[in-house]
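Secondary and tertiary structure notes
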Amino acid sequence: MKKILFSFILLTIIVLQVNAQAGKITGTVKDASLGETLIGATVQLKGTTSGTVTDIDGNFVLDAPFGSAVLVISYIGFTTTEVSVNVSRNTPRVIVSLKSVILDEVVIVADIAKARETPIAYSNILPAKLEEELAGRDIPMVLNTTPGVYATQQGGGDGDARITIRGFNQRNIAIMLDGVPVNDMENGWVYWSNWFGLDVIQRQMQVQRGLGASRLGIPSVGGTINILTQGIDNKPMGTIKQEITDFGYYRTSFGASSGRIGDWGFTVAGSYKWGSGWFDASETKGFFYYLKAERRIGNHIISFTGYGAPQEHAQRSYKFSAGMIDSTYAADVAGMEFTLADTAYFTLRTPSGEGRYSSFNLGRKYNQHWGYLRRWTIDDNGYYVGANEEKLNEKMNYYHKPQFNIKDTWRVNDKIFISNLAYLSLGNGGGTGLKGSNPRQTPDGQIDFQFIYDNHRKFIGDGGLYQGTNHLYSSINNHKWLGYLGHVEYEPNDSWNLSGGLDLRTYRGEHYRELYDLIGGDMYIEPILTGQYNNQDNSRLKKVGDKIYYNNDGLVRWYGTFMQAEYKNPIWSGFLSGSLSNTRYKRIDYFAPYMIGDEVIEFRQSAQDPFTWISQRVMYEGQAFYIGHPDVTQPNKESPWKSFLGYTLKAGFNYNLSERVNIFINAGNLSKAPRFRNVFAGNTNNVPKNLKNEVVYAVELGSGYASSKFSANLNTYYTSWVNKPLDFTPSTQNPNNTEERIYLNITGVSARHMGVELDFIYKPIRSIEIQGILSLGDWIYNTADSVGYVDDAGLPVPNASAINYDAKGVYVGDAAQTQIGGSFRYNYNKDLYVQARVTYFGRHYSNFEPSDLVVKTNNDGTIQDNRGRQSWLTPSYTLVDLSAGYTFKLSGKIKASIVGNVLNLFDTLYITDAQNNDQYGQLPDRNFDARSATVFMGMGRRYVLAMRVFF
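Residues numbered from 1 in each chain as written. Predicted model: local features only at pLDDT ≥ 70, side-chain atom pairs only at ≥ 80, totals over all residues. Heavy atoms only, no water.

Comments concerning the nonpolar core
Counting residues in each nonpolar core, the largest one holds 32 residues, and the members touching the most others are Leu143, Met205 and Ile225. Mapped by element, the contributors of at least two residues to this core are β9 (149-152), β10 (162-165), β12 (173-177), β14 (202-209), β15 (223-229) and β19 (283-297). When residues in this core are grouped by element, the largest group, three residues, is from β12. Each residue touching Ile225, except ones within four places of it in the same chain, is listed here: Leu143, Ile163, Ile173, Ala174, Ile175, Met176, Met205, Gln206 and Val207. Formed by 24 residues, the second largest nonpolar core is a distinct cluster that contains Val787, Val810, Ala815 and Phe848. (Core = buried A, V, L, I, M, F, W, Y, C linked by side-chain atoms within 4.5 Å. Buried < 20%, exposed > 50% of the residue type's maximum accessible area, 1.4 Å probe, protein only. Helix = DSSP H or I, 4+ residues; strand = E, 2+ residues; numbered from the N terminus. Contact = heavy atoms within 4.5 Å.)

Here's what the structure looks like:
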């Protein structure tokens, strides 16, 4: 018995001694390119069978004996890494960054910022966030949880979202897709309906605020949005997803990535959407397709990518007075006061005055752009033949913009990397509208298309031809865009990185209107230069498909070069970059007047048979001339090329004060060419005098703190924008010619944007996550000037008085300058979560034109001084969204998830967009208040359910 007790005590001592010599290794595994944690990475103790995997936060804990140990960390698509660790009682936490097998392609080509290294303010949006919070909306809408970002759905059309960053609209935000710029080459806008399926195959989205990290000379005044798609570096996966909403919108998606199959990798995806939008008569349908094929050949990775999204959707293009939508809200919240006289303006009237219908309280879903139509005909026996009733919408957008990229990334050796990328974008489509003033409306406020159609057919039934008083046209905007991006990277050692390259683009945009639907009519008589309508030999008889109103091409050539030097060590890093670009513009106007000598002439068609087209001709001094005759010219058909030299110069410095704290500063100067529409005055080939580049100066300071429980980023910025262009050029009637428009030559507007931004995340325990954001902006104009009117040739107009406007100290409109938000997330376990998000927007001034800020004489003779006057401040609002999700195993490696969202939980009534003193408003006031403004209201409560199977 004593021997047994002695043996037990001895064994216990040995065990305790062994345990006393064992420790724990804790750490985190991250993606080196993105700075994000990796879930499910394998951590193995080399030479043993002991190992573990990282949790949902990328963390791991591994037991190991005291002394030297080597960890082997691996993850599909990333280079396996070994890390030496000295295990003791207080082993330091291990931070491991894994490099992608094609890290160079992701980071270098796409200019992705890295944590504690790239000295800029940025936010990463992971696929999980899109999966949980996008909820069937356009991609920009999920970015409202990013500091400094304000995104709205505008009129509510599917794909019609817009986004601003730090008060700069998306014309001045660079959108990059796998390193390729996608902003329109003429006006800088981005149409999100062309990219609706990207969330299916998105690997990463990074929002860089300010001038950003891109080497290219892109228009990143407000920021840059980098979207990266999946590729050969992703693990094999497949997914099928179905989304449904309570308002009749549906979307089915699929995606698959092969990962590496030998030297090959493939990614395919598709998405089909159909159904109704949230507002009335807002049907939508579209298909997204995506294919990426990659092959590794030695040190090369060659990839081909093709994608596009043919779609069509109804739009709501024009804002309303708030009183038309909800008079109680307008009076109580927006401060509008109505009088009995206002009812005349808030009334829907037929052209002949046959009906007057109240237009108060039409509701947020009201859409004025549609109506019902039955297209009846008359058969050979004179009988009326009916047809099915259709819902006709005057505002339909239809477009297809496929893009194709071919790329070669070549790791020459461990010091030199070369990338070559060529891309082609082909855009085709347009948007429809109704021509004709005051179309008759039905009692419920819709367009009375049947009235229009019946009147047209009555004339045809009597044996005549009738020119429709109304017709639908389509504004076509096609383009062909070919580009090349070449990049060379040289790393002489682990600290230095030198790079440079070329950015070449050629673009041709085709712009014209064509007859889309005559609504029962047989023809449209286009007016001649004198403005007369005549169905004899002065006519221009048009049929469906013919070009009308305008027909011109915009040509853009872009030649750019860029270079950058970077230095980094564990303590600090910095960069200096610059670019040069030459932007050339040319305009071709196919509707420019024909001339014989110095005299403008008009060609005419035959009146005997207006639908039989003959060679156009004109009699001039007794001689017949035809188009093509050597004496017939179009001297103003083509403009000369107009060139603008631009540049960017940026520098930044980051210093890591400790393993948790870093500070940074960056500054930049940007000079960019004016937009195409600002170069050619009055939609002609004439260029205004003294055009200057837009110039931007920016500086930013920031700091970051990171730990396992709490992380935060704080930054402040100052941006000065000189020669800021107007989105729309103010115009008025020419006092010398009532048939011509003249334009205010406002070219020197300047603005100053400054502010502070904060975002943080706090995890008191593993199951709870609290996030918060704060953005306080102070964006004002600082310009006062005297400007005059110019004609189509850009020359001063006699007898047109100059105006003295004063915008000094006037707040920039069109975006909320205050943003406060937060979310609370509870993870019951790794498969079940619930989240609530609250976002507040305030200090949102309505958009305005500087030409309003003048001294004016009212109709009653009183003088009103509007210089320096603030535009209407829209009411602040708060939105609450809920989301919840559950993931479960179906069989084997096949899993499924269910995600539910409730958007605008409390059905808040709020204004998202507003135009101050809108000349198209329902009330005649221009008094810088709610009565004078028109608005878009945000959407009410919506329910979205998504079911997904992935394997």
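That covers the picture; the talk isn't over yet.
As for the pattern of salt bridges
A full pass over the atoms with the stated rule returns 34 salt bridges. Here Arg215 ties to Glu566 by a salt bridge, and the two come within 3.5 Å at their closest N and O atoms. Separated by 351 residues along the polypeptide, Arg215 in the loop between β14 and β15 and Glu566 in strand β35 (residues 547-568) bring together distant segments of the chain. With relative accessibility at 7%, the residue Arg215 sits in the buried group. Classification of Glu566 as partly exposed rests on a relative accessible area of 24%. Its salt-bridge partner being Asp907, residue Arg364 comes within 3.0 Å of it at the nearest N-O pair. In this pair, Arg364 is assigned in the loop between β23 (356-358) and β24 (370-374) and Asp907 in the loop between β58 (894-903) and β59 (911-915), connecting sequence segments 543 residues apart. Arg364 sits in the buried class, given a relative accessible area of 16%. Beyond isolated ion pairs, a larger network of salt bridges with shared partners links Arg166, Arg209, Glu700 and Glu757. (Salt bridge = Lys/Arg side-chain N within 4 Å of Asp/Glu carboxyl O.)

Observations concerning the sheet that holds β9
Across the sheet, which stays open at both edges, the three strands sit in the order β9-β10-β11 with antiparallel pairing between neighbours. Two strands lie at the open edges of the sheet, namely β9 and β11 (168-169), each paired on one side alone. In terms of strand pairing, β9 meets β10 through four bridges, oriented antiparallel. Each bridged residue has a counterpart across the sheet, and for Val149 the counterpart in β10 is Ile165. (Pairing = 2+ DSSP bridges.)

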